Each structure stands twice: as C-alpha cells, then as structure tokens.
There are 2 protein chains.
Amino acid sequence: MSASYVALSGGVGGAKLALGLCDVLDDPARLTIVANTGDDFEHLGLKVCPDLDTLTYTLAGLANPETGWGRAGESGAFMEALGALGGETWFFLGDKDLAIHVERTRRLRAGESLSAVTAALCARLGIQAHIVPMSDDPVPTVVETPEGPLAFQHYFVRERCRPKALGFRHEGADKARASSAFLDALATPDLGAVIICPSNPYISIDPILAVPGVRAALTACEAPVIAVSPIIGGQAVKGPTAKMMAERGIAPSAAAIAEHYDGLIDGLVLDEADSHGHDDDRAHGRSRLSPVPCSRLPRESA
Amino acid sequence: MSASYVALSGGVGGAKLALGLCDVLDDPARLTIVANTGDDFEHLGLKVCPDLDTLTYTLAGLANPETGWGRAGESGAFMEALGALGGETWFFLGDKDLAIHVERTRRLRAGESLSAVTAALCARLGIQAHIVPMSDDPVPTVVETPEGPLAFQHYFVRERCRPKALGFRHEGADKARASSAFLDALATPDLGAVIICPSNPYISIDPILAVPGVRAALTACEAPVIAVSPIIGGQAVKGPTAKMMAERGIAPSAAAIAEHYDGLIDGLVLDEADSHGHDDDRAHGRSRLSPVPCSRLPRESA
C-alpha cells in the first residue's frame, strides 16, 4: 500500500507543483491538495474561487499555459457584452470559465457544501487527485493598506497589488472549521508527507494556516512537513511574494521563507542557486532547515 | 404635442411589431412596450426574462435575425463548458446573452425592481422606447398538460411544446401588481392607442391581462385598443399559436383571435388574406371587428 500525501496550495505556483506531484505519484488519488479559499469572493452574484479553479483547470489539462490561470482557448464575449451593459469588467471572467462559477454558485445556493461541489466538478473533469477547499466557511483575506483595508481581489486584481500591503487579515477565520476532507487527509495513518507548495506564504498559505486546528494538526502529524520555496535567487517565480516581503522589511530569500514557516516545517526545498550558506544546521524551533534536493521529493515505487 | 402609445408584447412577433412601431413613430420615446413576464424563470441561478430580452435586443439592433430571439453573432463557449461540468444545457444561453442575465440578477438581488433594471439596461443600449415589464412581481405561466403541470420553459423549450396544452395558469397573478410604468402609460391623457401585438394570445398576452387591474384599465381607457392578428391564412407566423388553438378545439383564424379578445378590443388588424367575410359588422361585446388596413396604424405627423 502506497503512502498518501497532502499538499497545501494557492495560486499558479501551487497548482504547478500539484500537477508535478500528480505526475510523480503512481496513484494521484493518494494526493489531497488543499486549496486556499481566502481569495474567494462573490462577484457579479457568482461565487468565484480562483485557487480552486486554477488547481482544477491545471489538473484537468484545461489551464491557459500562458497565464497559468483561466482556461486555454478562452474567449471574452460575455465580458464585452457585460461592459456594454454597464457591468463591472475589472475582473475578467472568460466565457468557458464562467461555467464553473455559474454551476458552483447554483449548487451552493441549493445547499451543497463547497467541498461537495468541488469534488463533483473535479470528478466530472476526470481529476484523480482530491482538490479540497481549506474550509467550507468563508475566510476572506483582507489586505491592510495605507489607503485602508481592501478586499483581496480589489487589492490583487483591481489595484494590481499597487498599494503597500501592511498586513493581511483572515476574516471569519476564528469561526471557520477546516474541511473534513482536509483534516481526514492529515489524520490518515499512512501519510507520507505534507508539502507546502511554492505559493505566496502571506496570501496563499497563511489563510490555510489561519483556520483553527490546522497548525496543531500539522504539528501533530508524524509525517514530515516540507515547504518548497517560492523565492529563487531573491525573486518570486511569479506574483507579488517578493514585493510583499520587501514591504515587510524582509529581504526576499529562501531563508526568509524558512523563517516564515519556522516551527512548522521539517525541511525546505530550494533552488541550488539558494543553497549556499543554508547547510549550517541552523535550528528554527522545530525546523531543521535542510536544502532537500528535488530527487528527495516523495516518489512512490509501484 | 404628439400622442403616446402603449403596445402589449411577447415573443418574437411582438418584438418585431414593436420595432415597426418605433420606425413609424417620429418620437419612439412616446411608445411604451409592455412585456409579458410570464415566461420568466430562474435558471442556473439566473433570472431569465425571455420576452424582455427579445424586445431589448430587437430594439437595440442586437437580435439574431435568423431566430428572432437571442443575439446576433452569438457563441456557445459557456454552454459547452457547462455541459462538460454536468450542468443543465437544455436552455441555450449564449456567451453574449449571458451578460444581461448575470447583470439583471445581480441588480435584482441588490434590491432594484425589474422595472428599474430594465430601464437602466435599455438606456445603456440606447433604446428610446420604454420597455417595461407587465409587473415587478413574478407571475410565472404554468402549462396544464395530460402529463401534469409544466413550468413554462419546461413546456416551451425543454419539451418543445410537444405535450397538449390543456390550459394555462398565471401563478401569483392574484397578488401581483401591474408595473407603475404600465399603469402610468395607460393613464396618459394623450394616449393615442393601445396595440396588442401579434403575439401568442394564450402565453404572451393573457399573462399581461391576468395582472389585476389591467383589463379594467384597458376597458376604461378612451384610446382605441387594437389587436394585430398573429394568425394569417390559418397559420401562425411563428410559434405554437395555431397548435394551441387547435388543442382547444378552435380553428386557427383571425376571427378566432378577435373572439379571444372579445370585449377588449376596438379593432383587429389582419392580413388581406383573412379579410373576406369579416366585413359583416359582427359585434362582439365592445368589439366591432373591422379589418384595419396597415396604413391606418397610428402614424404621427411631425
């Protein structure tokens, strides 16, 4: 019997590693990918879950390879018509993409949980791995800026991350419950590892960690918790991670990522470019930081 | 000061006459077109108002000239993606068309009335005539069939009018109020005429007449009420009017249309093919049926 794995994911980087994990696992059904839902919002009356969708499209082979988000071969007839009617067009919803928002919203209004809707849609698209929301309860990320608090997508998409991010709030986190599929996956006796994807730590992973019980469950699980650095050579591969670190007075580096996850992770996978100076056995609480070559990522034998 | 006009409309035939009325009026803003909303339904979580939309697209020059409904140059990427997700695809919503349903639904949920949303969308599209719903309250048409009652669009689109229509119920009509724009237009002192468009009398016009106060207001208004026959030479120009008449044991004819509106109309506009035998001054209650040549349709002088 092969081991099972849990990955925590948000954004395009998270989805790309999740796809890689599916590729290296003999049985992708042994992988549970927990999606950040802090980005979720209601837009045009539709429930939009960007990180769930990016994972879904990526694992279903439907993702736009240029952007990493959205769907390949997408069209914008809806958006153009909406603009002509005076509707809001700052958040692009492609014609194909719209289907998942409409169908999800319909099913949620009919009383299904976000977990159940996600599982059903993924099954329809032939995805073998389990994509699960961190919680069925809304935990919207709010960005504190010098101009006041901004709803996440207003900061991220409408303002293109222009305002300085002073901090992030995870609204409703205190009352939220982790999804049962998430907690069950962490409690599986044959858990081989928990992988923290190379996602933005502040806006993709911290929302997951903010859900009550998640940190405790990660600390309690015997399997190693391994993060993959989103910073390579002082740069984020994609997105505003480096900008956000700089705004907090933190020099963007793999070491700073390790510091961020201090007490939570057993290892950090980083690029060879970042490996110098990190083999000095510094201990950070529970963490003993060790550059883990990619060949040591969990790989199953048949 | 030119006279004002009110047209009662449903379906493609109604929208086409409404467009013609706009063309012959010097000031289309003097025309109020009252749309049947008995066809309206909630589908995929969206409020869909087919007759309002057909009028809107027709008067905005956006309608599909082949079908009469929907938009020209429409695409189906959303629908195809929805089908792949297991969603309902029996009611086609084109990518462009979707914009009006999404925007309307959002605004209705935000508390705007259907009248207000319709007026705003029509203004955005540069429509000068006033398209108004018969009521801001839902009055869904239910079709009684040998297989039991069917929601209107289930009968009309999903079942393609296959079941025999035993009768039609206008649910909620007893509690509905006619829209104020409708009542105001009928009460305008300079009202020149009320035109009943060549729409299906059972499923387009009767729902409007079922709204409390409408029949009384039509009977009370001094302006002539003139219907345009949807039946020409025993055939409906479009749609199931003739089939429905036959199912009720009524031979489809312009005379039968006049009979249907007996007591309500002052004149019937019919095709020359149907004019023989109707110039015998038969009186039907209030109605004195007179074939009115098209040249006698209200036409304004500048």
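Everything quoted here is computed from the prediction, not taken from an experiment.

Reading the values: rules and limits
- Residues numbered from 1 in each chain as written.
- Chains lettered and ligands numbered in written order.
- Predicted model: local features only at pLDDT ≥ 70, side-chain atom pairs only at ≥ 80, totals over all residues.
- Heavy atoms only, no water.
- Helix = DSSP H or I, 4+ residues; strand = E, 2+ residues; numbered from the N terminus.
- Rg over C-alpha atoms; globule rule 2.2 N^0.38 Å.
- Buried < 20%, exposed > 50% of the residue type's maximum accessible area, 1.4 Å probe, protein only.
- Contact = heavy atoms within 4.5 Å.
- Areas by Shrake-Rupley, 256 points an atom, 1.4 Å probe, with all protein chains shown as cover.
- Lys, Arg positive; Asp, Glu negative; His and termini not counted.
- Charge placed at Lys NZ, Arg CZ, Asp CG, Glu CD.
- Pairing = 2+ DSSP bridges.
- Axes fitted to C-alpha atoms, helices over the stretch in contact; angles between N-to-C directions.
- Least-squares fit on C-alpha atoms with pLDDT ≥ 70 in both.
- Right-handed = clockwise from strand over helix to strand, strands pointing away.
- Buried area = accessible area lost by both parts, 1.4 Å probe.
- Polar contact = N/O pair within 3.5 Å; in protein donor to acceptor, adjacent residues only side chain to side chain.
- Nonpolar A, V, L, I, M, F, W, Y, C, P; charged D, E, K, R; others polar.
- Left-handed = near helix turned anticlockwise from the far one by under 90°.
- Salt bridge = Lys/Arg side-chain N within 4 Å of Asp/Glu carboxyl O.

Student: I keep staring at the overall build of chain A and nothing clicks. Help me out?
Tutor: From N to C terminus, chain A includes 11 helices and 15 strands. Taken against the 2.2 N^0.38 rule, which gives 19 Å for 302 residues, the C-alpha radius of gyration of chain A at 19 Å falls within 12% of a compact globule. Counting only C-alpha atoms and orienting by the principal axes, one finds that chain A spans roughly 60 × 50 × 40 Å. Burial status across chain A gives 53% buried among its 302 residues. Put simply, of all contacts in chain A between residues at least 6 apart along the chain, 69% involve residues at least 24 apart. On chain A, roughly 12,300 Å² of surface is accessible, and the fraction owed to carbon and sulfur atoms is 52%. Measuring between centres, the 26 positive side-chain charges of chain A sit 3 Å from its 38 negative side-chain charges.

Student: What is the right way to read the sheet that holds strand β7 (residues 148-151) of chain B from this model?
Tutor: Strands pair in a sheet through their backbones, by hydrogen bonds, and they do so in one of two ways: parallel or antiparallel. All names here are of chain B. Read across the open sheet, the three strands follow the order β7-β6-β8; overall the sheet is antiparallel. Only two strands of the sheet have a single partner each, and these edge strands are β7 and β8 (167-170). When the angles between neighbouring strand axes are averaged without regard to direction, this sheet yields 30°. This element, helix α8 (residues 201-209), spans β6 (141-145) and β8 of the sheet and lies at about 30° to β8.

Student: What's the story with the relation of the copies chain A and chain B in this structure? I'm lost.
Tutor: Between the two chain copies there is a screw-like relation: a rotation about an axis and a shift along it. The transform that puts chain A on chain B rotates by 180° and translates by 0.0 Å along the axis, for an RMSD of 0.0 Å. Taken together, the rotation and translation describe the operation of a two-fold axis. Judged by C-alpha distance, A:Asp95 is the residue of chain A that lies nearest the rotation axis, at 3.0 Å. Same-surface contact between copies: 100% of interface residues of chain A are shared with the interface of chain B.

Student: I would appreciate a short explanation of the pairing of strand β1 (residues 4-9) of chain B in the present structure.
Tutor: Within a regular strand, side chains alternate between the sheet's two faces. All names here are of chain B. Taken across its six residues, β1 has six buried, putting it largely inside the fold. Alternating residues of β1 divide into Ser 4, Val 6 and Leu 8 and Tyr 5, Ala 7 and Ser 9, and every residue in both groups is buried. Direction of pairing for β1 relative to strand β2 (residues 31-35): parallel, over a ladder of five bridges. Bridge assignment links Leu 8 to a residue of β2, and that residue is Val 34. For the crossover from β1 across helix α1 (residues 11-24) to β2, the handedness is right-handed.

Student: Could you clarify how one ought to interpret unusual backbone geometry in this entry?
Tutor: As a rule of thumb, non-glycine residues mostly have phi less than zero, and peptide bonds are mostly trans rather than cis. Non-glycine residue A:Leu44 carries a positive phi angle of around 55°. Overall, A:Leu44 belongs to the buried group, its relative accessible area being 6%. One non-glycine residue, B:Cys161, adopts positive backbone phi at about 60°. The class of B:Cys161 is buried, set by a relative accessible area of 8%.

Student: I keep staring at the interface of chain A and chain B and nothing clicks. Help me out?
Tutor: Size of an interface, as often reported, equals the accessible area lost when the parts are brought together. With 25 residues of chain A in contact, the opposing surface of chain B contributes 25 residues. Taken over both partners, the interface formed by chain A and chain B buries close to 2,200 Å², and the fraction arising from carbon and sulfur atoms is 70%. Area buried by chain A at its contact with chain B is led by A:Leu85, A:Val102 and A:Arg124, which between them contribute 26% of it. Linking chain A to chain B there are four residue pairs in polar contact (both at pLDDT 80 or more). Elements with a minimum of two residues in the side of chain A that touches chain B: α3 (77-84), α4 (98-109) and α5 (114-124) of chain A. Ranked by residue count, the leading element in the side of chain A that touches chain B is α4(A), at seven residues. Across the side of chain A that touches chain B, the residue classes tally to 13 nonpolar, five polar and seven charged.

Student: Explain the environment of A:Ala119 here, please?
Tutor: All names here are of chain A. Of note, Ala 119 is situated in helix α5. Its relative accessible area of 43% is what places Ala 119 among the partly exposed residues. Ala 119 sits 13 residues away from Val 132 along the chain, and the two C-alpha atoms are 7.3 Å apart.

Student: So what exactly am I meant to see when it comes to the packing of helix α1 (residues 11-24) of chain A against helix α2 (residues 50-59) of chain A here?
Tutor: Angle between the axes and distance between the axes: these two values describe a pair of packed helices. Residues and elements named next belong to chain A. Two elements in contact, α1 and α2, have axes separated by 9 Å at closest approach and are oriented at 35°. Between α1 and α2 the crossing geometry is right-handed. For the pair α1 and α2, the contacting residues are Gly 11, Val 12, Ala 15, Ala 18, Leu 19 and Cys 22 in the first and Asp 51, Thr 54, Leu 55, Thr 58 and Leu 59 in the second. When its residues are assigned to classes, the contact of α1 with α2 shows seven nonpolar, three polar and one charged.

Student: Explain the pattern of salt bridges here, please?
Tutor: A pair can form between side chains of opposite charge whenever their charged atoms are brought close. Residues and elements named next belong to chain A. Tallied over the full model, the rule gives 26 salt bridges over all chains. For the salt bridge of Glu 42 with Arg 109, the shortest nitrogen-to-oxygen distance reads 3.7 Å. In this pair, Glu 42 sits in strand β3 (residues 41-43) while Arg 109 sits in helix α4, placing the two residues 67 residues apart along the sequence. On the accessibility criterion, Glu 42 (54% relative accessible area) is exposed.

These figures come from the coordinates and say nothing about function on their own.
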